[in-house]
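Structural characterization, general
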Amino acid sequence: MSDADRFLAAVEKAAGGPVGTLGLAVSGGADSMALLLLAHAALPGRIRVATVDHRLRDGSEQDAALVAATCAKLGVPHATLTPETPIVGASIQAQAREARYMLLAGWAGSAGVNAVATAHQADDQAETFLMRASRGSGLAGLAGIRARTEINGVAIVRPLLDWRRAELRAIVRRAGADFVDDPANADPRHDRTRFRQLLGREEWLDAPNLAASARHLAEADDDVRAMTDWLWRERVETEGEECRIAVAGLPRELRRRLVRRAIGYVRQGAAIAAPAWSDAAGIEPLLDALAAGRGATRAGVQAVVRGAEWRFRPAPPRRAD
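To keep things clear, this report deals only with the structure shown in the data block. This is a predicted model, so every value here is computed, not measured.

What follows is about the side chain of Thr228. Take Thr228: it is sitting in helix α9 (residues 207–235). On the accessibility criterion, Thr228 (3% relative accessible area) is buried.

Structure representation (structure tokens):
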């Protein structure tokens, strides 16, 4: 199978079928330039490219210009996207990631693409698996980078998850294409850099096997998600801003997922913006309290036990002293 055929098969598997016009997120790094070259060979005349310039370092506009020049040579439409407001403060990497996907989702609609492909590959997957394992992540976290996600109604596909970083770099070099090495990728202040160095240093940590483990866990997580969806229909009753879960006989993981969804449901219905809530924050103590028959409050949501039901509603406002 040629590289182009292998790429096309991966795109269609991630997208769930043939794609019309495919969008590409190309930063100018070796992985994303390989993505561009593979897509151009596999889908001639059916790709559009966007480069997100976060403006976080000097020279970033030159990276976008490199991608634009390569696209011009290939006859591929290209757009450079920039955030409306500067990215500053804490968690800059996380902020940049969120801004990047929002920009790409907005661009996808105007560009008329059916899906947007990113250049995440097997080594990225292995690094993510190790990072999340070191933080004690559960099934959903260890499933790592998904082959397909959806953001604002736009499918984000990752067709390179079975490709190694070295394979992709070789594709770029054989084509004689230019690429850039982002200095942030070697910055030891970033967790990912440290795990990348660990993988490179320790031969017993096999990146393809770690990536395969993430893929197997993703399949298991998809099954558990489907079961959670079914249980939400069968075991949950909602009324206004409140919901009730019949938890009898359910294992902890399914209770955990239903409780997370219940908290999200109540917060959305009651338009609770503060206190902030993350999907995992405080969930284990809450599960322990409910299993012991005690009520508890998390993130503006009050949970109480009534027989075999767990009930969730907006927490009453605190009285001023």
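Don't stop here, the text continues.
Turning our eyes to something else, we now look at the sheet that holds strand β10 (residues 301–306). Spatially, five strands are ordered β7-β8-β11-β10-β9 in an open sheet, and the strand pairing comes out antiparallel. The open sheet is flanked by β7 (236–239) and β9 (296–298), the only strands paired with a single partner. Averaged over all adjacent pairs, the angle separating strand axes in this sheet is 20°, with direction ignored. Summarising the sheet, strand β8 (residues 242–246) and strand β11 (residues 309–314) pair through four bridges and their orientation is antiparallel. Looking at the pairing, Ile245 lines up with Trp310 of β11. Set on the sheet, α9 makes contact with β7 and β8; between it and β7 the angle comes to about 60°.

Tallying each qualifying case throughout the model produces one aromatic pair. Across the ring face of Trp163, the terminal group of Arg6 is positioned such that the distance to the ring centre comes to 3.7 Å. Seen from the ring of Tyr101, Arg100 lies directly overhead, with NZ or CZ sitting 6.0 Å from the centre.

Along the chain, Thr21 falls in the loop between α1 (3–15) and β1 (22–25). Given the relative accessible area of 18%, Thr21 is considered buried. Setting aside residues up to four positions removed in sequence, Thr21 forms contacts with Arg46, Ile47, Arg48, Gly112, Val113, Asn114 and Ala115.

Further remarks concern the pattern of salt bridges. By the definition in use, this model includes 24 salt bridges. Here Arg165 and Glu127 are joined by a salt bridge, their closest N and O atoms 3.0 Å apart. Note that Arg165 is positioned in helix α7 (residues 165–175) and Glu127 in helix α5 (residues 122–134), a separation of 38 residues in sequence. Between Arg244 and Glu309 there is a salt bridge; the shortest N-O distance is 3.8 Å. Of this pair, Arg244 sits in strand β8 while Glu309 is found in strand β11, placing the two residues 65 residues apart along the sequence. Counted as one network, the salt bridges with shared partners bring together Arg146, Asp221, Asp222, Arg225, Arg252, Glu253, Arg256, Arg257, Glu284 and Asp288.

Once that is clear, we can look at the sheet that holds strand β5 (residues 148–151). Sheet architecture is open: six strands sit in the order β3-β2-β1-β4-β6-β5, paired in mixed fashion. Each having just a single partner strand, β3 (78–81) and β5 make up the two edges of the open sheet. Taken pair by pair, the neighbouring strands of this sheet meet at an average axis angle of 30°, ignoring direction. Pairing of strand β2 (residues 47–52) with β3 involves four bridges; the strand directions are parallel. Looking at the pairing, Val49 lines up with His78 of β3.

Here we take up the packing of α5 against helix α8 (residues 191–201). Contact pair α5 / α8: the axes reach a minimum separation of 9 Å and the direction vectors enclose 110°. On the basis of their axis angle, the class for α5 and α8 is roughly perpendicular. Our pair here, α5 against α8, has a crossing hand that is right-handed. On α8, the residues that touch Asp123, Asp124, Ala126, Glu127, Thr128, Leu130, Met131 and Ser134 of α5 are Asp191, Arg192, Phe195, Arg196 and Leu199. Looking at the contact of α5 with α8 residue by residue, the class counts come to five nonpolar, two polar and six charged.

Reading guide: rules and limits
Residues numbered from 1 in each chain as written. Predicted model: local features only at pLDDT ≥ 70, side-chain atom pairs only at ≥ 80, totals over all residues. Heavy atoms only, no water. Helix = DSSP H or I, 4+ residues; strand = E, 2+ residues; numbered from the N terminus. Buried < 20%, exposed > 50% of the residue type's maximum accessible area, 1.4 Å probe, protein only. Pairing = 2+ DSSP bridges. Axes fitted to C-alpha atoms, helices over the stretch in contact; angles between N-to-C directions. Contact = heavy atoms within 4.5 Å. Phe/Tyr/Trp six-rings, centres within 6.5 Å; stacked < 30°, edge-to-face > 60°. Lys NZ or Arg CZ within 6 Å of the ring centre and 35° of its normal. Salt bridge = Lys/Arg side-chain N within 4 Å of Asp/Glu carboxyl O. Parallel < 35°, antiparallel > 145°, perpendicular 65-115°, else oblique. Left-handed = near helix turned anticlockwise from the far one by under 90°. Nonpolar A, V, L, I, M, F, W, Y, C, P; charged D, E, K, R; others polar.

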